[in-house]
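Chain residues, written in single-letter form:
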Amino acid sequence: MSAVLVTWRRTLGRARNLYSTALAVGGFLAVAGAIFAFTFADADGGRLPLFAIWALSVSQTLPALAAFLAMDVWSDERHSGRIDMLLTVAVRERDYVLGKFLGVWTMAMAAVLIFAVSSVVFLLAFAPSALAGADSAGLLQALFALAVQGALWCAVSVALSAMCRHAAAAAFASVVLTVALPRGIWAGLMAWSPEGRPAFGEMPLDAFAVDVASGFVPVGVCAVYLLLAAVILFIAAKCVASLRLVGRGAFPLRLSVGFTLLLSLAFAVLASRLALRLDKTLDLSAEGASSAFSARTRSILAESSGDITATCFLSRSDVRFREVGRLLRALKRASEETGGARFEIRFVDPRWDVGAAERLVRRGVATESLVFEKGHRMAALPLADGIGERACAATVRRLTTHPPRRMIYWTVGHGESGFGVYDAFGMSDIARDLAREGYSHAPIDLTAVGQVPDDCALILVAGARDDLSRAELGLLDSYLRGGGRLLVLTSAAHEGGLASLLSAWGIRPLAAQPVVGAKTISGSDVIVSSFADHAVSSSLRGSRIVLERPVAFAPSVAAAGADGADRIDFTPVARVGTSALAVAVERGASAGADLAIRPTRIVAVGDAGFVLNGQLAARANANRDFFLNCVAYLAGTDAPGSGGAEAGVLSSGMDRSARMRHALVSAAVLPGVVFLVMVAVTLRRRHRA
Amino acid sequence: MIEVRNLAFTYRRQPVLRDVSFVVSPGETVSVVGANGAGKTTLLRVLATLAVPDSGTVMIDGQDALSRPLRYRRQLGYLPERVALYEDMKVRDYLQYRATLKGEPAKRVRRRISEAVEMCRIGDLMRTSIHWLSAGLRKRVALADALLLRPRVLLLDDFLAGLDHDMRMAAGEILSNAASFSSVIVTGHELWDFAKWTSRFLVLRDGVIAAKVETAGLEPSVLRERVEDAMSGGAR
């Protein structure tokens, strides 16, 4: 048996008999569990893949675990004097170092595996929807990233243990070097230049974990991690060997060792720079990323044809670079799978690719944009507006088809939310989505116009606080009688005087009726996940919308009384229990196509603010899709296929209580159980001895 | 045969060993004695490759041992002055670990262990955890470790310290057995005991070999007197 293997077994065997191992593993599981639980909750609604969040949580804790597992592998040998017994055996120091390193690394990886298995089990119990939507290969990729990072942390910790006589000093030095120093420098940079984050890029250690877990493996960075680990182990072996360099006669040897260490450090720096310069990213994201696109996006891509060039005009060090790169690659793969257009992806860094950057600028493209080109047509998406699957899909559709522009008029003068307002209470986000979908929008003051313009696709009354005048109601009513379309967002406090109009069209708001049996996150909101089989809502199955203190609706007498062409179809499109929180009515649809009657359509949603900027940004929900579906239904431009929640968006489906339980189990129960089991095993072994 | 020539060692500008030369033949046991700080332990640490001499050579069968340390260590058994073992292991596991670490093939490990255990009389300790052993018993376990692979050079530092009366009596037998395959160098202060087993005394004083006293043909009391006289530099 080789000395490496013997030392590896001995390191593992000794660790099993130490209470400090149980403490280190228990502490690691507790901290990583807490970070994961809270990061997972915060990332709800974000685009970070589930296992990238998981890898990020472990990545931040792994250096400390390595430090505590490795703190005494050499320092204890030195402190106790056993080092003499080791150094007089015919074994090379590098074999000892390698064996001890492998022992520490094995223990660290075992702890990571325990955490991985427990995380999956807990997700199955608390957030099965998040796990179902995750790419299962992501876990293996995350483990690979942690194994590579763990190798470096374990090497550093073993080396510092070889340099220190006391375990505590070794652990302290390791934690300072692998946790406090890099993260402290990063925090310092951020504090020094808070606006400079895009220029600095992501925290490199975190970025590596996220990238690999997302399926993008930077080979050069992996090589740097392993190279640094090897050089540090070499230094550790030299440190151990130098323990015998006692006496004046060893002076030339000590000089030689010092020179060798300097050379090895210089080699490591140069080789690392070369590896980073030649870095090549392997794309292992497989089918997961593209199949995660919504049916709507896939449908748009399937209908596209020809060659589309997608250019990411952004600095490679920008914090958004990786995310945009992932999105474009996934878009390309989805288009290939659906038989759509052939995508060519280009990355233009304004600092380095000067020629290409100049060409783009001459065409009027600003930096930090995503540019789609098909033939002579071009569309640029500023990254400042936020880039996602929906924006890309809408742009592709705009490039490949010529949808008619439809005009949406939104009423003003009654305290309604405005499309031009950019704060949390405005609707600028959804206005941008409407523009991408090919709609135009303009305010309309019903008191100032004699009639609704002819190009009106629909009228939106978004949370009128003051009652509409009788004249305005009359104008709306006559518009509806002519086959008009109305979208009403109303609230319990302010129904805008629309109750009479809505009642005439079959909708009766129930302002005083509480919603019973609803799931909630904050206590005041209601999670709606029951949707009718209707053009507005059928695509939302499996998703959820969040409404704040919603109003319920019921069919009015008008909905039951009429027949024939005047028959009103009342559909509760979104509901909780028996409470219909969003309804769609249609009159005239059953009259027959030969009569060429344009049916009147009204959609009423019981929350005036469900697509306000603040609500859309708050957490994962399908509010945006629901609104766009309503608009498409009313404007008669039903979106192809189903919308559903935006693909790649993490949705935990957990309410506040589930989040608390998840955090408690991850951060306290599991670590406690593992700690007690390990202590029991150690006690038993000691008792037997 | 181990041959030490003109060995010198300086630690923090203080000369600890100066011009030390001696030869130990196969089957011979040599005692290195001297007052505290005379350089006994340092001499053994240099011979065990735990320190680097300023000058001088250590030859094993005519070959420079220090220039090929890995090969030399394969022929070396070393019992340090301060015995430190793995507290969490049982004696059997410890010896097995050490034999495997020293590169002994698995099929011969058991035989090597049983030989060493028999020589050191620790057969009844095999299942005991080292944590519970006294200092003397630990020294016996460490001695068994040093003898495991039948080394050609056996270095025993302060060998008899901490051993009980019975074990001291048995030490002669252990050394004579070890001498059948080793050149043995022991250090310590137990002149009376050493006089019974060793063929020669090397008396170290201030890092210099002050005297080499052959034990053959001398009465123990005369021998002891000569050695002590050499140790004190003729002041007695």
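What you are looking at is a predicted structure, and each value in this text was computed from that prediction instead of being measured.

Some points on the overall build of chain A
No. 1: Broken down by element type, chain A carries 25 helices and 18 strands.
No. 2: When its C-alpha atoms are laid out on the principal axes, chain A stretches across 105 × 65 × 45 Å.
No. 3: Put simply, chain A has 689 residues, and 54% of those count as buried.
No. 4: Looking at chain A alone, contacts between residues at least 24 apart form 76% of all its contacts between residues at least 6 apart.
No. 5: Positive and negative side-chain charges of chain A, numbering 67 and 56 respectively, have mean locations separated by a distance of 12 Å.

Quick look at the layout of surface pockets
Residues and elements named next belong to chain A.
No. 1: Space inside the second largest pocket adds up to approximately 1,900 Å³.
No. 2: The wall of the second largest pocket is formed by 43 residues, among which P204, V221, L276, D279 and R322 lie closest to the centre.
No. 3: Among the secondary structure elements, those contributing two or more residues to the lining of the second largest pocket are α8 (137–163), α9 (167–192), α11 (204–213), β1 (216–218), α12 (219–241), α13 (251–277) and α16 (321–337).
No. 4: If one sorts the elements of the lining of the second largest pocket by residue count, α9 sits on top with seven residues.
No. 5: Classifying every residue of the lining of the second largest pocket by side-chain character gives 26 nonpolar, five polar and twelve charged.
No. 6: Here the lining of the second largest pocket spans two domains, and each of domain 1 (3–244 + 255–283 + 659–688) and domain 2 (293–398) adds at least three residues to it.

What about the domain arrangement of chain B?
It is common to give the size of an interface as the accessible area that goes away when the parts come together.
Residues and elements named next belong to chain B.
No. 1: Splitting chain B by domain gives domain 1 (1–75 + 151–236) and domain 2 (83–150).
No. 2: Of note, the centres of domain 1 and domain 2, computed from C-alpha atoms alone, are 24 Å apart.
No. 3: Facing 17 residues of domain 1, the contacting portion of domain 2 comprises eleven residues.
No. 4: Summing both sides of the interface, domain 1 and domain 2 together bury roughly 1,200 Å²; the carbon and sulfur share of this comes to 69%.
No. 5: Our count for the contact surface shared by domain 1 and domain 2 stands at one salt bridge.
No. 6: Counting the contacts that link domain 1 with domain 2 gives three residue pairs in polar contact (both at pLDDT 80 or more).
No. 7: Elements that contribute at least two residues to the side of domain 1 that touches domain 2 include exactly β7 (153–156) and α6 (165–178).

Comments concerning the environment of A471 of chain A
No. 1: Tracing the backbone shows A471 of chain A in helix α20 (residues 470–481).
No. 2: Here A471 of chain A falls in the exposed class, since its relative accessible area comes to 61%.

Parameters at a glance
Residues numbered from 1 in each chain as written. Chains lettered and ligands numbered in written order. Predicted model: local features only at pLDDT ≥ 70, side-chain atom pairs only at ≥ 80, totals over all residues. Heavy atoms only, no water. Helix = DSSP H or I, 4+ residues; strand = E, 2+ residues; numbered from the N terminus. Buried < 20%, exposed > 50% of the residue type's maximum accessible area, 1.4 Å probe, protein only. Contact = heavy atoms within 4.5 Å. Lys, Arg positive; Asp, Glu negative; His and termini not counted. Charge placed at Lys NZ, Arg CZ, Asp CG, Glu CD. 1 Å grid on protein atoms, 1.4 Å probe; cavity = no way out; pocket = protein on both sides within 12 Å on 5 of 7 lines; lining within 4 Å. Points joined across faces, edges and corners; volume = space filled by probe spheres on them. Nonpolar A, V, L, I, M, F, W, Y, C, P; charged D, E, K, R; others polar. Domains from an automatic or database assignment. Buried area = accessible area lost by both parts, 1.4 Å probe. Salt bridge = Lys/Arg side-chain N within 4 Å of Asp/Glu carboxyl O. Polar contact = N/O pair within 3.5 Å; in protein donor to acceptor, adjacent residues only side chain to side chain.

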